[in-house]
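Observations on chain architecture
So the chains spell out like this:
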Amino acid sequence: MSYSTADSLPPVTLDDVRGAQKMLTGVARVTAMEGSRHLSQLVGAPVHFKCENLQRTGSFKLRGAYVRIAGLLPEERAAGVVAASAGNHAQGVALASSLLGVRSTVFMPKGAPLPKISATRDYGAEVRLHGQVVDETLAAAQEYAAETGAVFIHPFDHSDIIAGQGTVGLEILEQCPEVRTIVVGIGGGGLAAGIATAVKALRPDVRIVGVQAAGAAAYPPSLAAGRPVAVDNPATMADGIKVGRPGDVPFRIIGDLVDEVRTVTEDELATALLLCLERAKLVVEPAGASPVAALLSDPGAFEGPVVAVLSGGNVDPVLLQRVLRHGMAAQGRYLAVRLRLTDRPGALATLLGVLSVVDANVLDVSHVRTDPRLGLTEAEVELHLETKGTAHCVEVGQALREAGYTVIG
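Residue numbers here run from 1 along each chain, matching the order of that chain's written sequence. Restriction of local features to residues with pLDDT of at least 70 applies here, the model being predicted, together with a cutoff of 80 or more for giving and counting side-chain atom pairs; totals for whole chains, interfaces and linings are based on all residues. The side-chain values count all of the structure's non-hydrogen atoms but skip hydrogen atoms and water molecules.

With respect to the nonpolar core
Counted only if it meets this: Among buried residues, those of type Ala, Val, Leu, Ile, Met, Phe, Trp, Tyr and Cys that are joined through side-chain atoms within 4.5 Å constitute a nonpolar core. Classification of residues uses two cut-offs on accessible area relative to the type maximum, computed with a 1.4 Å probe and protein chains only: under 20% is buried, over 50% is exposed, and between them is partly exposed. Any two residues having at least one pair of non-hydrogen atoms within 4.5 Å are treated as being in contact.
Of all hydrophobic cores here, the largest spans 56 residues; its most connected members are I69, V81, I172, V179, I182, I195 and V309. The residues touching I172, leaving out its near neighbours within four places in the chain, are M33, K50, P177, V179, I182, V307 and V309. Membership of the second largest hydrophobic core comes to 40 residues, among which are L39, F49, V323 and L324.

Put into structure tokens, the structure is as follows:
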């Protein structure tokens, strides 16, 4: 598909990406390519994971940040660099700057996860917390750049950034030369644009599929309009691809070279993250799991061999706990129910006996005996159960009702 004008030229070339690859030698890891038996069976062809979650700083972002900062003039380096990010770009800029001996300042939202703030500081950046959302943080970083002369390092909308991210594509072709489809998450578009630039120049037959979270999907309407279009209030747990407007530079490349952009739901993201953890033993953040979510949602749509790019693994442990529980619920492996029972000695034990008969594992019990909503002889119990799938959830609910319990949620 093509959305550019006839006289437009790609702002990034294969030579740029190859130059970036040389620059990154000894800096960025050539990350592993791991096969997935489970997904291969679903798709009916080999499926491999490109494990950028195992990259230094936990994501692909180091690649582009290093290339961008290494390309600065001496006087620009002397002025230092500034960036805005909720996590991955922050860490990439911090480490790249330290490796190159450049002073870095990173603005992060006040609500950024503490592990990401700590890691950014540990990589050598001065961290400043500002604003509640990334847009406010971005504005503060740009204001700082204007006041101090520091060079603003954009997370995706720059040719050097895209060239650096494109080295992932070169590695994919080297590690899996028979690849037919590459699936990659899209936020602002830097990674997908870089991979598409490298891969299409060498293997135009390879299909490239971008994936966005449905609640933050700016690319489908933008591609339809032929120009970047902002979406209001993007909302998704996948903060790595939670971008409200495509970057101007990657948009042109993606419009020309990416074959399709799909969307996935929050349930699909949670299920994909759980699969990566359980089946592949890989810790992947929701944005990094988006290609896996696309494969799970429509496995017959992808010609193999397929490479799914796991773009990052920097997930906040608190979010991971919630996402895993959400993913288990989506698969019918976790069930929360509230019910009422007669408040008498042994009533709770009787209830647990019913659950034991249907083999539901009780994870947590909350027992309320005094509440204005309850009758004099009533109690309310909230149960968190580990179940074995959707059919088992139905069986549990039926057993409770048959035992005379009123299930209210």
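On we go.
Here we look at the side chain of E171
Quick reminder of the rule: What counts as a helix is a DSSP run of H or I of at least four residues, what counts as a strand is a run of E of at least two, and both are numbered from the N terminus.
On the secondary structure map, E171 appears in helix α8 (residues 159-175). For E171, a relative accessible area of 5% puts it in the buried group. Ignoring any residue separated from it by four or fewer positions in sequence, one finds E171 in contact with Q21, R29, V30, T31, K50 and R63.

Re the sheet that holds strand β3 (residues 81-84)
The strands making up a sheet are joined through hydrogen bonds of the backbone, oriented either antiparallel or parallel. Rules: Here, any two strands with at least 2 DSSP bridges between them count as paired.
If you walk across this open sheet you meet the four strands as β5-β4-β3-β6, and the pairing is parallel. Pairing within the sheet leaves two strands with one partner each, and these edge strands are β5 (126-129) and β6 (151-152). Pairing of β3 with β6 involves two bridges; the strand directions are parallel. Each residue of the ladder has a partner; that of V82, found in β6, is F152.

Observations regarding the pattern of salt bridges
Here the idea is simple: oppositely charged side chains can pair when their charged atoms come close. For clarity, the threshold we go by: Salt bridges are defined as contacts in which a side-chain nitrogen from Lys or Arg sits within 4 Å of a carboxyl oxygen from Asp or Glu.
The final tally for this structure, using the stated rule, is 14 salt bridges. In this structure, the salt-bridge partner of R245 is D248, at a minimum N-O distance of 3.0 Å. R245 gets classed as partly exposed once you look at its relative accessible area, which sits at 37%. Between D359 and K388 there is a salt bridge, and its shortest N-O distance comes to 2.2 Å. Placement of the pair is D359 in the loop between α15 (347-357) and β12 (361-368) and K388 in the loop between β13 (378-386) and α16 (390-402), with a sequence separation of 29 residues. Accessibility expressed as a relative area gives 44% for D359, which makes it partly exposed.

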